[in-house]
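Residue-level structure breakdown
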Amino acid sequence: MLNRRILRVKAFQTLYAFQQCKHSNANLAQDFIKEAFLPDLNSMEVQDRGLLKKEASRCIEVFTKNLDKVQLSLDKSDNEKVKETAVKAISFYNKSNKKDQEFLRTNMLTAVENIPALYLFAISMLVGFGEHVRKEKVKKRKFEDQPIVQQDSAYNLGSNKVLGIIEQNHSFKKECLRFEVDIEELELEIKEWYRELVKPHEDYQKYMAIENPSIEDDKEILLTILKKIIFKKEAILSFFQDKDLNWTENKSIVRSLSSKVLKTITGTEDESDEFLPDLALNWEEDKEFFQEIYNLTVASEKEYSELIATTTKNWDVERIALTDRVILIMALSEMVNFSSIPTKVSINEYIDISKTYSTPKSKQFVNGLLDTLSKELTESGKIRKSGRGLIDNK
(Lines give C-alpha, C1' and ligand atoms only; values in the text may rest on other atoms or scores of the structure.)
Protein backbone atom coordinates (compact mmCIF):
# COMPACT_ATOMS: atom_id res chain seq x y z
CA MET A 1 0.00 0.00 0.00
CA LEU A 2 2.68 2.46 1.06
CA ASN A 3 6.41 2.01 1.13
CA ARG A 4 8.10 0.81 4.28
CA ARG A 5 9.75 4.18 4.93
CA ILE A 6 6.36 5.84 5.32
CA LEU A 7 5.20 3.04 7.59
CA ARG A 8 8.30 3.46 9.77
CA VAL A 9 7.64 7.20 10.03
CA LYS A 10 4.01 6.63 11.05
CA ALA A 11 5.05 3.99 13.60
CA PHE A 12 7.70 6.38 14.97
CA GLN A 13 5.15 9.19 15.31
CA THR A 14 2.78 6.85 17.14
CA LEU A 15 5.49 5.51 19.45
CA TYR A 16 6.57 9.05 20.26
CA ALA A 17 2.94 9.89 21.10
CA PHE A 18 2.80 6.78 23.31
CA GLN A 19 5.84 7.96 25.27
CA GLN A 20 4.09 11.27 25.87
CA CYS A 21 0.99 9.39 27.05
CA LYS A 22 3.13 7.38 29.48
CA HIS A 23 4.61 10.58 30.86
CA SER A 24 1.12 12.04 31.36
CA ASN A 25 -0.11 8.83 32.98
CA ALA A 26 2.82 8.88 35.39
CA ASN A 27 1.95 12.45 36.36
CA LEU A 28 -1.70 11.50 36.89
CA ALA A 29 -0.67 8.55 39.06
CA GLN A 30 1.50 10.84 41.17
CA ASP A 31 -1.41 13.26 41.50
CA PHE A 32 -3.49 10.32 42.76
CA ILE A 33 -0.81 9.60 45.38
CA LYS A 34 -0.69 13.23 46.53
CA GLU A 35 -4.47 13.31 46.89
CA ALA A 36 -4.40 10.08 48.91
CA PHE A 37 -2.18 11.73 51.51
CA LEU A 38 -4.04 15.01 51.83
CA PRO A 39 -5.46 15.76 55.29
CA ASP A 40 -8.91 14.25 55.88
CA LEU A 41 -11.06 17.32 56.55
CA ASN A 42 -13.92 15.17 57.82
CA SER A 43 -11.82 13.49 60.49
CA MET A 44 -12.01 14.64 64.10
CA GLU A 45 -8.47 13.38 64.72
CA VAL A 46 -5.45 15.66 64.58
CA GLN A 47 -3.81 15.55 61.15
CA ASP A 48 -0.01 15.52 61.01
CA ARG A 49 0.45 17.44 57.76
CA GLY A 50 4.22 17.10 57.85
CA LEU A 51 4.01 13.32 58.19
CA LEU A 52 1.41 13.05 55.42
CA LYS A 53 3.61 15.06 53.09
CA LYS A 54 6.58 12.88 53.94
CA GLU A 55 4.56 9.69 53.31
CA ALA A 56 3.32 11.08 49.99
CA SER A 57 6.90 11.76 48.88
CA ARG A 58 7.93 8.26 49.92
CA CYS A 59 4.97 6.72 48.10
CA ILE A 60 5.89 8.60 44.91
CA GLU A 61 9.45 7.31 45.32
CA VAL A 62 8.16 3.72 45.66
CA PHE A 63 5.90 4.23 42.64
CA THR A 64 8.76 5.56 40.49
CA LYS A 65 11.19 2.80 41.45
CA ASN A 66 8.74 -0.07 40.94
CA LEU A 67 7.05 0.75 37.64
CA ASP A 68 8.69 -2.15 35.79
CA LYS A 69 8.88 -4.62 38.69
CA VAL A 70 6.60 -7.56 39.46
CA GLN A 71 7.12 -7.25 43.22
CA LEU A 72 7.34 -4.00 45.17
CA SER A 73 10.66 -3.00 46.65
CA LEU A 74 9.83 -1.53 50.09
CA ASP A 75 11.63 -0.45 53.25
CA LYS A 76 10.60 -1.99 56.57
CA SER A 77 9.61 1.48 57.73
CA ASP A 78 6.98 1.85 54.95
CA ASN A 79 3.47 1.59 56.36
CA GLU A 80 0.50 -0.20 54.82
CA LYS A 81 -1.00 2.95 53.34
CA VAL A 82 2.20 3.74 51.42
CA LYS A 83 2.24 0.21 50.05
CA GLU A 84 -1.45 0.09 49.11
CA THR A 85 -1.42 3.53 47.51
CA ALA A 86 1.73 2.73 45.49
CA VAL A 87 0.13 -0.53 44.25
CA LYS A 88 -3.03 1.33 43.18
CA ALA A 89 -0.99 4.05 41.45
CA ILE A 90 1.08 1.48 39.54
CA SER A 91 -2.08 -0.39 38.55
CA PHE A 92 -3.65 2.85 37.29
CA TYR A 93 -0.47 3.69 35.38
CA ASN A 94 -0.25 0.27 33.69
CA LYS A 95 -3.95 0.13 32.80
CA SER A 96 -3.82 3.64 31.35
CA ASN A 97 -0.74 2.78 29.30
CA LYS A 98 -2.35 -0.40 27.96
CA LYS A 99 -5.46 1.50 26.96
CA ASP A 100 -3.41 4.22 25.24
CA GLN A 101 -1.22 1.64 23.52
CA GLU A 102 -4.22 -0.10 21.97
CA PHE A 103 -5.92 3.15 21.03
CA LEU A 104 -2.80 4.51 19.34
CA ARG A 105 -2.17 1.23 17.50
CA THR A 106 -5.72 1.22 16.09
CA ASN A 107 -5.52 4.91 15.25
CA MET A 108 -2.15 4.33 13.56
CA LEU A 109 -3.67 1.80 11.17
CA THR A 110 -6.66 4.00 10.41
CA ALA A 111 -4.39 6.97 9.76
CA VAL A 112 -2.30 5.04 7.24
CA GLU A 113 -5.32 3.58 5.48
CA ASN A 114 -6.65 7.13 4.98
CA ILE A 115 -3.50 8.38 3.29
CA PRO A 116 -4.30 7.17 -0.28
CA ALA A 117 -7.59 9.08 -0.34
CA LEU A 118 -5.85 12.23 0.89
CA TYR A 119 -3.16 12.27 -1.77
CA LEU A 120 -5.67 11.34 -4.47
CA PHE A 121 -7.72 14.36 -3.39
CA ALA A 122 -4.62 16.56 -3.73
CA ILE A 123 -3.99 15.32 -7.29
CA SER A 124 -7.71 15.60 -8.08
CA MET A 125 -7.65 19.25 -6.99
CA LEU A 126 -5.04 19.92 -9.66
CA VAL A 127 -7.24 18.14 -12.18
CA GLY A 128 -10.18 20.23 -10.95
CA PHE A 129 -8.27 23.46 -11.49
CA GLY A 130 -7.48 22.36 -15.05
CA GLU A 131 -11.12 21.50 -15.73
CA HIS A 132 -12.22 24.86 -14.37
CA VAL A 133 -9.80 26.71 -16.67
CA ARG A 134 -11.09 24.78 -19.70
CA LYS A 135 -14.67 25.70 -18.82
CA GLU A 136 -13.68 29.34 -18.44
CA LYS A 137 -12.05 29.27 -21.86
CA VAL A 138 -15.19 27.81 -23.46
CA LYS A 139 -17.36 30.45 -21.78
CA LYS A 140 -15.13 33.25 -23.02
CA ARG A 141 -15.12 31.99 -26.62
CA LYS A 142 -18.90 31.60 -26.65
CA PHE A 143 -19.35 35.05 -25.15
CA GLU A 144 -17.00 36.59 -27.73
CA ASP A 145 -18.49 34.40 -30.48
CA GLN A 146 -15.05 33.13 -31.51
CA PRO A 147 -13.99 29.63 -32.58
CA ILE A 148 -12.06 27.71 -29.91
CA VAL A 149 -8.97 27.10 -32.00
CA GLN A 150 -6.29 29.62 -31.18
CA GLN A 151 -3.77 29.13 -28.38
CA ASP A 152 -4.30 31.49 -25.48
CA SER A 153 -1.55 31.23 -22.86
CA ALA A 154 -3.89 32.57 -20.17
CA TYR A 155 -5.58 29.16 -20.30
CA ASN A 156 -2.39 27.07 -20.24
CA LEU A 157 -3.53 25.04 -17.26
CA GLY A 158 -6.55 23.82 -19.21
CA SER A 159 -4.25 22.12 -21.71
CA ASN A 160 -1.56 21.13 -19.21
CA LYS A 161 0.01 17.96 -20.64
CA VAL A 162 0.73 16.38 -17.26
CA LEU A 163 -2.87 16.85 -16.15
CA GLY A 164 -3.99 15.37 -19.47
CA ILE A 165 -1.96 12.22 -18.78
CA ILE A 166 -3.39 11.93 -15.28
CA GLU A 167 -6.99 12.43 -16.41
CA GLN A 168 -6.70 9.69 -19.03
CA ASN A 169 -4.96 7.26 -16.71
CA HIS A 170 -7.04 4.16 -15.98
CA SER A 171 -5.36 3.49 -12.63
CA PHE A 172 -6.06 7.02 -11.43
CA LYS A 173 -9.75 6.73 -12.26
CA LYS A 174 -9.97 3.28 -10.65
CA GLU A 175 -8.23 4.36 -7.44
CA CYS A 176 -10.42 7.46 -7.14
CA LEU A 177 -13.49 5.24 -7.35
CA ARG A 178 -12.06 2.75 -4.86
CA PHE A 179 -11.23 5.42 -2.28
CA GLU A 180 -14.36 7.46 -3.01
CA VAL A 181 -12.50 10.52 -4.19
CA ASP A 182 -14.95 12.66 -6.17
CA ILE A 183 -13.73 16.11 -7.10
CA GLU A 184 -17.22 17.12 -8.22
CA GLU A 185 -18.20 17.53 -4.59
CA LEU A 186 -15.68 20.38 -4.46
CA GLU A 187 -16.81 22.20 -7.61
CA LEU A 188 -17.67 25.45 -5.79
CA GLU A 189 -14.53 25.31 -3.67
CA ILE A 190 -12.35 24.66 -6.73
CA LYS A 191 -13.72 27.79 -8.40
CA GLU A 192 -13.13 29.87 -5.30
CA TRP A 193 -9.65 28.49 -4.60
CA TYR A 194 -8.62 29.01 -8.22
CA ARG A 195 -9.91 32.59 -8.28
CA GLU A 196 -8.50 33.63 -4.90
CA LEU A 197 -5.40 31.48 -4.44
CA VAL A 198 -4.13 30.04 -7.73
CA LYS A 199 -4.73 32.70 -10.35
CA PRO A 200 -3.24 35.65 -8.41
CA HIS A 201 -0.10 33.69 -7.46
CA GLU A 202 3.08 35.17 -8.94
CA ASP A 203 4.39 31.85 -10.28
CA TYR A 204 1.07 31.07 -11.91
CA GLN A 205 0.99 34.48 -13.58
CA LYS A 206 4.39 33.72 -15.09
CA TYR A 207 3.13 30.35 -16.28
CA MET A 208 0.15 31.98 -18.00
CA ALA A 209 2.55 34.21 -19.93
CA ILE A 210 4.41 31.25 -21.49
CA GLU A 211 3.49 30.46 -25.09
CA ASN A 212 3.36 26.70 -25.74
CA PRO A 213 4.75 25.58 -22.36
CA SER A 214 6.88 22.44 -22.32
CA ILE A 215 5.95 19.41 -20.25
CA GLU A 216 8.59 20.51 -17.74
CA ASP A 217 6.84 23.91 -17.48
CA ASP A 218 3.54 22.07 -17.00
CA LYS A 219 5.01 19.83 -14.34
CA GLU A 220 6.73 22.69 -12.52
CA ILE A 221 3.55 24.75 -12.14
CA LEU A 222 1.67 21.75 -10.74
CA LEU A 223 4.43 21.12 -8.20
CA THR A 224 4.31 24.81 -7.28
CA ILE A 225 0.52 24.74 -6.80
CA LEU A 226 0.92 21.67 -4.59
CA LYS A 227 3.70 23.12 -2.45
CA LYS A 228 2.72 26.78 -2.22
CA ILE A 229 -1.07 26.59 -2.36
CA ILE A 230 -2.68 23.18 -1.72
CA PHE A 231 -0.37 22.28 1.17
CA LYS A 232 0.10 25.80 2.47
CA LYS A 233 -3.08 27.87 2.25
CA GLU A 234 -5.38 27.58 5.25
CA ALA A 235 -8.59 27.41 3.21
CA ILE A 236 -7.47 24.17 1.50
CA LEU A 237 -5.73 22.77 4.57
CA SER A 238 -9.05 23.03 6.43
CA PHE A 239 -10.55 20.62 3.90
CA PHE A 240 -7.88 18.01 4.66
CA GLN A 241 -8.17 18.58 8.41
CA ASP A 242 -11.89 17.83 8.19
CA LYS A 243 -11.14 14.66 6.24
CA ASP A 244 -8.39 13.41 8.54
CA LEU A 245 -7.98 13.74 12.31
CA ASN A 246 -4.29 12.88 11.86
CA TRP A 247 -3.67 15.53 9.21
CA THR A 248 -0.88 17.23 11.15
CA GLU A 249 1.17 14.01 11.09
CA ASN A 250 0.03 12.89 7.62
CA LYS A 251 0.53 16.19 5.79
CA SER A 252 4.20 15.68 4.93
CA ILE A 253 3.56 12.11 3.75
CA VAL A 254 0.62 13.11 1.54
CA ARG A 255 2.62 15.99 0.06
CA SER A 256 5.53 13.65 -0.69
CA LEU A 257 3.28 11.09 -2.43
CA SER A 258 1.52 13.77 -4.47
CA SER A 259 4.80 15.30 -5.61
CA LYS A 260 6.18 11.87 -6.47
CA VAL A 261 3.24 11.20 -8.81
CA LEU A 262 3.94 14.39 -10.76
CA LYS A 263 7.70 13.87 -10.87
CA THR A 264 7.26 10.32 -12.19
CA ILE A 265 5.41 11.51 -15.31
CA THR A 266 7.77 12.20 -18.23
CA GLY A 267 5.39 12.55 -21.15
CA THR A 268 7.53 10.28 -23.35
CA GLU A 269 5.95 7.84 -25.77
CA ASP A 270 7.33 4.81 -23.95
CA GLU A 271 6.14 6.05 -20.56
CA SER A 272 4.51 3.43 -18.35
CA ASP A 273 0.82 3.84 -17.70
CA GLU A 274 1.41 2.98 -14.06
CA PHE A 275 2.80 6.16 -12.50
CA LEU A 276 0.67 5.93 -9.37
CA PRO A 277 2.03 4.14 -6.31
CA ASP A 278 0.42 0.70 -6.14
CA LEU A 279 -2.02 1.13 -3.27
CA ALA A 280 -2.81 -2.54 -2.78
CA LEU A 281 0.45 -4.40 -3.42
CA ASN A 282 1.63 -6.35 -0.35
CA TRP A 283 -0.60 -4.37 2.03
CA GLU A 284 -1.33 -7.38 4.23
CA GLU A 285 2.40 -8.08 4.49
CA ASP A 286 3.20 -4.42 5.11
CA LYS A 287 0.35 -4.14 7.62
CA GLU A 288 1.87 -7.01 9.57
CA PHE A 289 5.27 -5.30 9.55
CA PHE A 290 3.63 -2.03 10.59
CA GLN A 291 1.89 -3.54 13.62
CA GLU A 292 4.84 -5.71 14.63
CA ILE A 293 7.40 -2.91 14.63
CA TYR A 294 5.05 -0.93 16.88
CA ASN A 295 4.29 -3.81 19.26
CA LEU A 296 7.88 -5.06 19.41
CA THR A 297 9.25 -1.59 20.14
CA VAL A 298 6.81 -1.15 23.02
CA ALA A 299 7.66 -4.60 24.39
CA SER A 300 11.43 -4.09 24.03
CA GLU A 301 11.64 -0.61 25.55
CA LYS A 302 13.10 -1.67 28.91
CA GLU A 303 15.59 -4.17 27.44
CA TYR A 304 16.94 -1.85 24.77
CA SER A 305 16.95 1.21 27.03
CA GLU A 306 19.28 -0.71 29.34
CA LEU A 307 21.42 -1.77 26.37
CA ILE A 308 21.65 1.82 25.16
CA ALA A 309 22.53 3.00 28.68
CA THR A 310 25.29 0.40 28.96
CA THR A 311 26.74 1.34 25.58
CA THR A 312 26.67 5.06 26.29
CA LYS A 313 28.37 4.35 29.66
CA ASN A 314 28.19 7.42 31.87
CA TRP A 315 25.57 9.14 29.75
CA ASP A 316 22.17 8.97 31.46
CA VAL A 317 19.74 7.37 29.01
CA GLU A 318 17.00 9.66 30.28
CA ARG A 319 19.01 12.64 29.06
CA ILE A 320 19.05 11.34 25.50
CA ALA A 321 16.44 13.19 23.43
CA LEU A 322 13.12 11.33 23.49
CA THR A 323 13.01 11.27 19.71
CA ASP A 324 16.44 9.64 19.59
CA ARG A 325 15.49 7.05 22.21
CA VAL A 326 12.38 6.05 20.26
CA ILE A 327 14.37 5.89 17.02
CA LEU A 328 17.12 3.76 18.59
CA ILE A 329 14.72 1.29 20.22
CA MET A 330 12.72 1.00 16.98
CA ALA A 331 15.89 0.35 14.98
CA LEU A 332 17.12 -2.31 17.40
CA SER A 333 13.68 -3.99 17.41
CA GLU A 334 13.73 -4.12 13.62
CA MET A 335 17.29 -5.39 13.32
CA VAL A 336 16.72 -8.18 15.84
CA ASN A 337 13.24 -9.31 14.79
CA PHE A 338 13.08 -8.90 11.00
CA SER A 339 15.59 -11.33 9.58
CA SER A 340 14.83 -10.49 5.93
CA ILE A 341 15.68 -6.78 6.26
CA PRO A 342 19.43 -6.05 5.89
CA THR A 343 20.96 -4.39 8.93
CA LYS A 344 22.38 -1.54 6.85
CA VAL A 345 18.93 -0.83 5.39
CA SER A 346 17.45 -0.54 8.89
CA ILE A 347 20.24 1.76 10.08
CA ASN A 348 19.93 4.05 7.05
CA GLU A 349 16.15 4.25 7.40
CA TYR A 350 16.33 5.36 11.02
CA ILE A 351 19.13 7.81 10.32
CA ASP A 352 16.81 9.43 7.77
CA ILE A 353 14.02 9.62 10.35
CA SER A 354 16.41 11.27 12.81
CA LYS A 355 17.36 13.88 10.20
CA THR A 356 13.73 14.92 9.84
CA TYR A 357 12.38 14.56 13.37
CA SER A 358 15.26 15.00 15.81
CA THR A 359 18.08 17.41 16.67
CA PRO A 360 20.80 18.55 14.23
CA LYS A 361 23.39 16.29 15.87
CA SER A 362 21.12 13.24 16.03
CA LYS A 363 22.22 11.86 12.66
CA GLN A 364 25.79 11.26 13.86
CA PHE A 365 24.67 10.04 17.30
CA VAL A 366 22.11 7.56 15.92
CA ASN A 367 24.49 6.38 13.20
CA GLY A 368 27.39 5.77 15.58
CA LEU A 369 25.36 4.07 18.28
CA LEU A 370 23.43 1.80 15.91
CA ASP A 371 26.63 0.81 14.12
CA THR A 372 28.22 -0.18 17.45
CA LEU A 373 25.14 -1.98 18.78
CA SER A 374 24.48 -3.84 15.52
CA LYS A 375 28.00 -5.28 15.58
CA GLU A 376 27.64 -6.34 19.22
CA LEU A 377 24.25 -7.95 18.65
CA THR A 378 25.47 -9.71 15.51
CA GLU A 379 28.50 -11.14 17.31
CA SER A 380 26.29 -12.32 20.19
CA GLY A 381 23.91 -14.00 17.73
CA LYS A 382 20.88 -11.85 18.55
CA ILE A 383 20.87 -10.38 15.06
CA ARG A 384 20.55 -13.16 12.50
CA LYS A 385 19.76 -12.44 8.89
CA SER A 386 18.39 -14.97 6.46
CA GLY A 387 17.46 -14.96 2.81
CA ARG A 388 19.26 -14.33 -0.40
CA GLY A 389 22.24 -12.03 0.07
CA LEU A 390 21.67 -11.71 3.82
CA ILE A 391 23.59 -14.65 5.26
CA ASP A 392 26.57 -12.41 5.95
CA ASN A 393 24.30 -9.92 7.77
CA LYS A 394 25.32 -7.11 5.47
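For clarity, every value in this text was computed on a predicted model and none was experimentally measured.

**Some thoughts on the environment of I215**
With respect to the helices, strands and loops of the structure, I215 is situated in helix α8 (residues 215–230). Of the residues examined, I215 reaches a relative accessible area of 19% and is grouped as buried. For I215, the contacting residues outside a window of four places in its chain are K161, V162, I165, T266 and G267.

**A look at unusual backbone geometry**
Of note in the backbone geometry, E180 takes a positive phi value of approximately 55 degrees without being a glycine. When you line up the elements, E180 lands in the loop between α5 (170–178) and α6 (187–198). We classify E180 as exposed; its relative accessible area is 67%. Unusually for a residue other than glycine, N212 sits at a positive phi of about 50 degrees. Within the secondary structure layout, N212 lies in the loop between α7 (202–208) and α8.

**Focus: the nonpolar core**
Among the nonpolar cores identified, the biggest contains 91 residues, and M125, L157, Y204, I230 and F240 are the most heavily contacted of them. At 17 residues, the largest contribution of residues to this core is made by helix α3 (residues 80–144). When residues no more than four places from it in sequence are discounted, the contact partners of F240 are L118, F121, A122, M125, I230 and W247. Ranked by size, the runner-up nonpolar core spans 16 residues in total, among them I33, F37, V62 and A89.

**Brief notes about the pattern of salt bridges**
For the structure on display, the rule yields 23 salt bridges. In this structure, E61 and K65 form a salt bridge, with 3.1 Å as the shortest nitrogen-oxygen distance. Of this pair, E61 and K65 are both found in helix α2 (residues 49–65), four residues apart, which corresponds to roughly one turn of the helix. When its relative accessible area of 34% is taken as the criterion, E61 is described as partly exposed. Residue E306 is joined to K302 by a salt bridge in which the shortest nitrogen-to-oxygen separation is 2.8 Å. Here the residue E306 and the residue K302 both occupy positions in helix α11 (residues 283–311), the gap between them amounting to four residues, near one helical turn. Looking at E306, the relative accessible area reads 43%, which means it is partly exposed. Each of R5, R8, E334, E349, D352 and K355 takes part in salt bridges that share partners, so that together they form one network.

Cut-offs used in this document
Residues numbered from 1 in each chain as written. Predicted model: local features only at pLDDT ≥ 70, side-chain atom pairs only at ≥ 80, totals over all residues. Heavy atoms only, no water. Helix = DSSP H or I, 4+ residues; strand = E, 2+ residues; numbered from the N terminus. Buried < 20%, exposed > 50% of the residue type's maximum accessible area, 1.4 Å probe, protein only. Contact = heavy atoms within 4.5 Å. Core = buried A, V, L, I, M, F, W, Y, C linked by side-chain atoms within 4.5 Å. Salt bridge = Lys/Arg side-chain N within 4 Å of Asp/Glu carboxyl O.

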